[in-house]
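Each chain, letter by letter, is given below.
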Amino acid sequence: MAEAHQAVAFQFTVTPEGVDVQLSREALKQIYLSGVASWKKRFARIKNSILTGVYPATPSSWLVVVMATVSSMYCRIDLSMGLICHIRRYLPSCHYLSFQHQTLLSAVLFSTGVWFSGILLCRQSLKLLLSYHGWMFEPHGKMSWSTRVWVMISGRNPMLYSFQTSLPKLPVPSVEATIRRYLESVHPLLKDEKYRKMEVLAQAFQQHTAPRLQKYLVLKSWWATNYVSDWWEEYVYLRGRGPIMVNSNYYIMVRTPLQAARAGNIVHSILLYRRKLDREEIPPVMALGIVPMCSFQMERMFNTTRIPGMESDTLQHLLDSKHLAVYHKGRFYKLWLYQGGKLLKPRDLELQFQRILDDPSPPQPGEEKLAALTAGERVPWAKARARFFSQGKNKVSLDAIERAAFFLALDEEAHGYKRGREDSMDSYAKSLLHGRCYDRWFDKSFTLVVYKNGKVGTNAEHTWADAPIMGHLWEVMWVRGPSMACLGQGSLKVPSLRPPSRLTKVIDSSYRVAKALADDVDFHCFQFSNFGKGLIKRFKISPDAFIQISLQLARFQDKGSFCLTYEASMTRLFREGRTETVRSCTRESTAFVRSMMDPLFQVAAEKHQQMYRLAMTGAGIDRHLFCLYVVSKYLGVESPFLAQVLAEPWRLSTSQTPQQQIKMFDMEKNQDLVSSGGGFGPVADDGYGVSYIIAGENLITFHISSKFSSPETDSRRFGRNIRQAMLDIADLFNVPANKVAN
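Residue indices follow the written sequence of each chain, beginning from 1 at its first position. Reporting in this predicted model follows two pLDDT cut-offs: at least 70 for local features of residues, and 80 or more for side-chain atom pairs to be given and counted; totals over whole chains, interfaces and linings ignore these cut-offs and use all residues. To obtain the side-chain values, all non-hydrogen atoms of the structure were included, while hydrogens and water were left out.

**Brief notes about the overall build of the protein**
Convention followed: In this text, helices come from DSSP runs of H or I with a minimum length of four residues, and strands from runs of E with a minimum of two, each type numbered from the N-terminal end. Burial classification: accessible surface area is computed with a 1.4 Å probe over protein chains only, and a residue below 20% of its type maximum counts as buried, one above 50% as exposed, and the rest as partly exposed. In what follows, residue pairs with any heavy atoms lying within 4.5 Å of each other are defined as contacts. Method for areas: the Shrake-Rupley scheme with a 1.4 Å probe, in which residue coverage is limited to the protein chains shown.
Secondary structure summary: the protein contains 22 helices and 21 strands in total. Out of the 742 residues in the protein, the part that is buried amounts to 54%. Expressed as a percentage of contacts within the protein between residues at least 6 apart in sequence, the contacts between residues at least 24 apart total 77%. A total accessible area of about 34200 Å² is found for the protein, and carbon and sulfur atoms account for 57% of it.

Laid out in structure tokens, this is it:
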């Protein structure tokens, strides 16, 4: 394995005549250029902070206010109604400030005060408008006066974080409303006797325990930016001691015609996205194209790593990183992304990757399966990190991986969809989710995987953000056109990392745990092309509601019963919002499945849409109950109701991968670049994980996961049930669904 070359700015030797200093002009030039680039970034951050801080005003608007005030004074019109004279009396008198100068300074101070007051007034108005979510409950095609006002005032192009301080806080629902919705959600799943017992527990909790817990939660909502997000990140993700591979991380597939040697284009496009992200030049994602959503999660997309701990992990986020960690054939490389403060061009990156692919050197002892440490249990990884990576070359090597912009795996295998071979998507999904258990660095914010045949995908750590954030990266990247030819000349060397040593036993232990987990995952991925959202919308039904009810029908066909169902929805209409749960198995959907009658389907679809809207607008069930449970643990209060609620297994966990988050991406015109979506592992050992993406008018891709070890599940069987359920429901509307796509 090649050794890393270190560039130094000067060398010195001690001679009898004294110290002989030898300067390197080229090295000093590179240091100077890097310093200039760093200072440019600092100034850009300061500028963006000012622009975001005064939004919706601009610095130039301050100058307009000052000029208007001063001009009115020269016209002997006092717009301040005497305030300028009042301010002038309090200015210190000295011979440097004449009467005219004092008057001018007073006018500037008055104008600045008026300008700031206008900003605060506009921000409060924005916050009030954004706190109104009635537009979500309006009939399709109609727009309320509040929404019309918002459209009128949101015309100026905002920066990424322009709306952050104007977004409302996530409200704390009332205990009564949460418990009522909870009991309604479990009613179709419990027999009468068990339901009555749950009612008794819920009423006792509401009357005796909940009022005290709720007070603390309301107090937190006043103090914190978001009363859920920090506890959700800490207790759901960082405190989990089991493997994050399969259990937490997720993957995203990307369709691309690129060859493996052109990975440079993909990396370059991602780095251009990072540069726009750093400069806050990416506009915020807008719901319905007009209502801004929280951009907080984007901050930690790059330069972020999950660091293992004994009781809880932490997230390490750096402001910048100038290198990439690359893995190929068991070897780790550190690849610099900049030269002279400038980002390497695609051609240079391509040449670097080709040199890595052509490197014949074998892995060093302990190097090949090093990443298996990130795939296994967290405590052994934390112990190994403290013991073997705390100093010396091992620490330098690990720092190079953890402090990288992101992780790149140049895979030796070929994957992707092959016509006529549906199982090709299954192996593609499993490869992205867990690979070989040692060729993905599961602790990095994301691992970019480039396969031998040019197919691409990512494996993302879940703590720092949810799937829509990674989806946004891919959409923006493909709009830039990463398949263009690489141009220019490459002339750089590829430095590589010294691997840590003396780790074979620890790595093998983590690898065995991860391998057993990966081998147990049963994946099935298929494309449903009989019809898509184009046909579903003709039924005047939400495509998501249609699919969710189809999943209930498929589950009933699979097991002859219903189960607690989890669907993830976003709460990014609120500041630092992440997700909320939609409990998709409702009384209405179960009634339809049992009867298969058209009128009941309409009722079930409307109920699902209502629940989804409530979840998005802060009136969900599960995040509130979760936070009440956390408060109870802090206070040492035992609640049989909360303990039972949080112990209930989600045997059907579902999520829709968002698509078309940016206006410029036309899905119908870019079918070759449309993502195939992504997936995740099953939440319950005897359940299914189902992810789906609605791509265009006539295609829906499903990703289904389960465990081979469970006799209750079979991903391919469930996939067949989903396909049949979709067709059966379409038949209710007397439409030959199998012919719609053509």
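So, next bit.
**So, the sheet that holds strand β15 (residues 521-528)**
In a beta sheet, neighbouring strands are held together by backbone hydrogen bonds and run either parallel or antiparallel to one another. As a reminder, the rule being used: Two strands pair under a simple rule: DSSP has to find at least two bridges between them. Throughout, an axis means a line fitted to C-alpha atoms (over the contacting stretch in the case of helices), and angles, computed between N-to-C directions, take values from 0 to 180 degrees.
In spatial order, the strands read β15-β21-β20-β18-β16-β17; together these six strands make up an open sheet with mixed pairing. Unpaired on one side and paired on the other, β15 and β17 (579-583) mark the two borders of the sheet. Along the sheet, successive strands turn relative to each other by an average axial angle of 20°, direction set aside. Sheet contacts for helix α17 (residues 543-559): β16 (565-570), β18 (652-656), β20 (688-694) and β21 (700-707); angle to β20, the most-contacted strand, approximately 150°.

**Concerning the sheet that holds strand β19 (residues 677-679)**
Taken together, the seven strands give an open sheet; going across it, the order is β9-β8-β12-β13-β14-β3-β19, and neighbouring strands pair in mixed fashion. The open sheet has two edge strands, β9 (331-336) and β19, and neither has a second partner. On average, adjacent strands in this sheet sit at an angle of 25° to one another, irrespective of strand direction. One ladder, built from five bridges, connects strand β13 (residues 446-450) with strand β14 (residues 456-460); its direction is antiparallel. Across the sheet, the residue bridging to Phe446 is Ala460, located in β14. Packed onto the sheet, helix α13 (residues 423-434) meets β3 (250-254), β13 and β14 and runs at close to 130° relative to β3.

**Description of the side chain of Ser106**
Relative to the helices and strands, Ser106 is located in helix α4 (residues 99-131). The exposure class of Ser106 is buried, given its relative accessible area of 0%.

**Brief notes about a positive patch on the surface**
Where we set the bar: Exposure above 30% relative accessible area and no salt bridge define the residues that can form patches, which grow by joining like charges within 9 Å and nonpolar side chains of Val, Leu, Ile, Met, Phe, Trp and Tyr within 5 Å. Any carboxyl oxygen of Asp or Glu within 4 Å of a side-chain nitrogen of Lys or Arg constitutes a salt bridge here. Lys and Arg are tallied as positive, Asp and Glu as negative. Neither His nor the chain termini are counted. Taken as the charge location is NZ of Lys, CZ of Arg, CG of Asp or CD of Glu.
Where like charges cluster on the molecular surface, the positive patch consists of Lys40, Lys47, Arg275, Arg279, Lys342 and Lys345. Take Arg275: it is sitting in helix α9 (residues 263-278).

**Observations concerning the pairing of strand β7 (residues 314-317)**
Pairing analysis gives four bridges linking strand β6 (residues 304-307) to β7, with the strands arranged antiparallel. Residue Thr305 lies in a different strand from β7, and its bridge partner there is Gln316. The loop that links β6 with its antiparallel partner β7 comprises six residues.

**Brief notes about the pattern of salt bridges**
Going through the model one piece at a time under the given rule, you end up with 32 salt bridges. Note that Asp313 is salt-bridged to Arg378, the shortest N-O span being 2.8 Å. Of this pair, Asp313 sits in the loop between β6 and β7 while Arg378 sits in helix α11 (residues 378-388); the two residues are 65 residues apart in sequence, bridging distant segments of the chain. Classification of Asp313 by relative accessible area gives buried; the value is 1%. One salt bridge connects Glu412 with Arg436, and the closest N-O pair in it is separated by 3.8 Å. Placement of Glu412 in the loop between β12 (407-410) and α13 and of Arg436 in the loop between α13 and β13 is noted, with a sequence separation of 24 residues between them. When salt bridges that share partners are traced, they join Arg241, Arg306, Asp313, Arg378, Asp443 and Glu461 into one network.

**Considerations on the UniProt feature "active site" (unreviewed entry) in the protein**
Heads up, the rule is: UniProt positions are given in the numbering used here, feature names are shortened, and annotations may be inferred rather than shown by experiment.
Look at the UniProt record and you will see "active site" (unreviewed entry) annotated at His462. Within the secondary structure, His462 is located in the loop between β14 and α14 (467-479). What makes His462 buried here is its relative accessible area of 18%. Excluding residues within four positions of it along the chain, His462 makes contact with Tyr237, Ser248, Asn249, Tyr250 and Arg578.

**Some words on a nonpolar patch on the surface**
Nonpolar side chains collect at one region of the surface, where Phe43, Ile46 and Ile50 lie side by side and expose about 310 Å² of accessible area between them. On the secondary structure map, Ile50 appears in helix α1 (residues 25-54).

**As for helix α2 (residues 59-74)**
Quick reminder of the rule: What a helix is expected to span follows from its residue count: subtract one and scale by 1.5 Å. Working note: the arc is built from the helix axis to C-beta atom directions.
Look at α2: 23 Å from first C-alpha to last across 16 residues, which is about the 22 Å you get at 1.5 Å a residue. By the burial criterion, the buried members of α2 are Val66, Thr69, Val70 and Ser72. Buried residues of α2, seen end-on, are gathered within an arc of 160° and therefore sit on one face of the element. In this structure, α2 carries Val64 and Tyr74 as exposed residues pointing more than 90 degrees from its buried face. In this fold, the buried residues of α2 make contact with α3 (83-89) and α4. At the C-terminal side of α2, Arg76 shows a positive phi close to 60°.

**Concerning the environment of Leu213**
For Leu213, the position within the fold is in helix α7 (residues 192-223). Judged by its relative accessible area of 0%, Leu213 falls in the buried class. Expressed as a C-alpha distance, the spacing of Leu213 and Val630, which sit 417 residues apart in the sequence, is 9.3 Å.

**Let's talk about the nonpolar core**
Cut-off, in case you're wondering: Within this scheme, the nonpolar core is defined by two criteria: the residues are buried Ala, Val, Leu, Ile, Met, Phe, Trp, Tyr or Cys, and they are joined through side-chain atoms within 4.5 Å.
If you look at the biggest cluster of nonpolar residues, it comprises 92 residues, and the most contacted ones within it are Val267, Phe353, Phe406 and Leu448. Per-element tally for this core: the top contributor is α9, with eight residues. If you look at the next biggest cluster of nonpolar residues, it comprises 40 residues, including Phe407, Phe442, Ala518 and Val521.

**Some details on the environment of His268**
Checked against the element boundaries, His268 lands in helix α9. Its relative accessible area of 13% is what places His268 among the buried residues. Excluding its chain neighbours within four sequence positions, the residues that come into contact with His268 are Leu343, Leu344, Lys345, Pro346 and Leu349.

**Some thoughts on the side chain of Arg306**
In plain terms, the rule: Residues adjacent in sequence count toward polar contacts only when both atoms are side-chain atoms; beyond that, a polar contact is any pair of N or O atoms within 3.5 Å, and within protein one must be able to donate a hydrogen and the other to accept it.
Structurally, Arg306 can be placed in strand β6. A relative accessible area of 0% places Arg306 in the buried class. Separated by 2.9 Å, the side chains of Arg306 and Glu461 make a polar contact. Setting aside residues no more than four positions away along its own chain, Arg306 makes contact with Tyr237, Leu238, Gly240, Ile244, Asp313, Thr314, Leu315, Arg378, Asp443, Glu461 and Thr463.

**Points about the packing of aromatic side chains**
Cut-off, in case you're wondering: Note on aromatic contacts: the rings of Phe and Tyr and the six-membered ring of Trp form a pair at centre separations within 6.5 Å, being stacked when their planes are under 30 degrees apart, edge-to-face when over 60 apart, and tilted otherwise. Geometrically, a lysine NZ or arginine CZ counts as sitting over a ring once it is within 6 Å of the ring centre and also within 35 degrees of the ring normal.
Counted according to the given criterion, the structure contains 31 aromatic pairs. Note on Phe526 and Phe702: the rings are 5.2 Å apart at their centroids and 20° apart in plane angle, and the pair reads as stacked. Remark: Phe702 occurs in strand β21 and Phe526 occurs in strand β15; sequence separation between them is 176 residues. For Phe702, a relative accessible area of 0% gives the class buried. Three or more aromatic residues link up through ring pairs in this structure, and these residues are Phe528, Phe531, Phe539, Phe546, Phe592, Phe601 and Phe733. Here the guanidinium or amino end of Lys322 rests over the ring plane of Tyr338, the centre of that ring lying 5.0 Å away. Here Arg623 stacks its cationic end above the ring of Trp232, 3.8 Å away from the centre of that ring.

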